[in-house]
Amino acid sequence: MKGKNGIQKRLLIFTIMVGCLLFVIAGVAFSIDSASYVGSDKCKACHGDLAKTFSTNIHSKAGFYGVKDAGCESCHGPAGKHVDTGDKSAIINPANLNSETVSTKCLECHSKDKGQMFWKGSVHSSNELGCTSCHGIHSNKERLLKKADEKDVCFTCHYDVRSSMFKRSKHPLRDSSSPSGEGKMACSSCHNPHGARAEKLINAKSVNDKCYECHAEKRAPLLWEHSPVKEDCLTCHTAHGSSNDKMLVTKVPRLCQQCHMQGRHQSGALGTNSVYLFNRACLNCHPMIHGSNSPSGAVLQR
């Protein structure tokens, strides 16, 4: 009898477990059905104005570029439950997702572009910024930016750089050269906001390599070199703007004196009428500050 009762008890437990399993499977099946894909045409029925604006967006042409079954639900997820209940929480809104989740979603399609290959671990990613921090999925602006002008997107966070743009010596980010108001340069002319190998998101191997793209004459092999020039352009220049000539970090001769204090004419406070102070100061005699190819240019005088 004891053995028979034990078998019956095990059968009962097994039956209960099977029942629970079937209940779970049924629940999952119901969940999948209620979260089914309905297609973009169903979305347009309620969101006509948004769909009309979106029709000129590059995302609306994703199918043309080979993204299979591209549509609203590619980013917003299956809309079946949202359509049935009208519940806004039953559909994914990328604008409300945390930075890591939304970036992972965007990178499902945009990971093949080498411009995004350094995103993970980049300074923007590490500071919990996501794709939707700068881009609007439904935006019709260039590169889906949230603002019409690229630099205005960057200035949302980089106030110090914005102030540098108004200094007397600067890169031409504010010099309009197009109807859109974009300058002759943009922030992305030097930086890759999606990550880069060099520091400060510089999209080159180094700061100097980036500078040489425009200032190629400073790169030429020279007979007499000026060490700080080869080491880092930012030793003497500031990248975004300066109140001094040539975007210098400070005026000469004080700039030169930061390294050259050997006790000769270049040292000391210098008098008001000193030939080493007025006009171009040190550059009066040493104009070839970036290096010289003259046999007599050992001290960068010619």
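What comes next concerns the included structure.

Basis of the calculations
- The residue numbers shown here count from 1 along each chain, following its written sequence.
- The predicted nature of this model means local features are confined to residues of pLDDT at least 70 and side-chain atom pairs, given and counted, to a pLDDT of 80 or more, with totals for whole chains, interfaces and linings taken over all residues.
- The basis for the side-chain values is all heavy atoms of the structure; hydrogens and waters are excluded.
- When a carboxyl oxygen of Asp or Glu lies within 4 Å of a side-chain nitrogen of Lys or Arg, that pair is called a salt bridge.
- With a 1.4 Å probe rolled over the protein chains alone, any residue whose accessible area is under 20% of its type maximum counts as buried; one over 50% counts as exposed, and the rest are partly exposed.
- By the criteria applied, helices consist of DSSP H or I runs no shorter than four residues and strands consist of E runs no shorter than two, each listed in order from the N terminus.
- We call two residues in contact whenever any of their non-hydrogen atoms come within 4.5 Å of each other.
- Whenever two N or O atoms come within 3.5 Å, that pair is a polar contact, provided that in protein one can donate a hydrogen and the other can accept it, and provided that, for residues adjacent in sequence, both atoms are side-chain atoms.

**Description of the pattern of salt bridges**
In step 1: In the structure shown here, the tally under the stated rule is nine salt bridges.
In step 2: Here Arg143 ties to Glu142 by a salt bridge, and the two come within 4.0 Å at their closest N and O atoms.
In step 3: Looking at Glu142, the relative accessible area reads 55%, which means it is exposed.
In step 4: Note that Lys218 is salt-bridged to Glu217, the shortest N-O span being 2.7 Å.

**Details of the environment of Met288**
In step 1: Mapped onto the elements of the fold, Met288 is located in the segment after helix H13 (254-257).
In step 2: Owing to a relative accessible area of 34%, Met288 belongs among the partly exposed residues under this scheme.
In step 3: Along the sequence, Met288 and Trp224 sit 64 residues apart, while their C-alpha atoms lie 9.6 Å from each other.
In step 4: Contact partners of Met288, with chain neighbours within four places excluded, come to Leu300, Gln301 and Arg302.

**Looking at the environment of Lys146**
In step 1: Mapped onto the elements of the fold, Lys146 is located in the loop between helix H8 (131-134) and helix H9 (150-155).
In step 2: Between the alpha carbons of Lys146 and His135 there is a distance of 5.2 Å; along the sequence they are 11 residues apart.
In step 3: Those residues within four positions of Lys146 in sequence are excluded, and the remaining contacts are Thr132, Ser133, Cys134, His135, Gly136, Lys141 and Val153.
In step 4: Only 2.6 Å separates the side chain of Lys146 from the backbone oxygen of Thr132, close enough to count as a polar contact.

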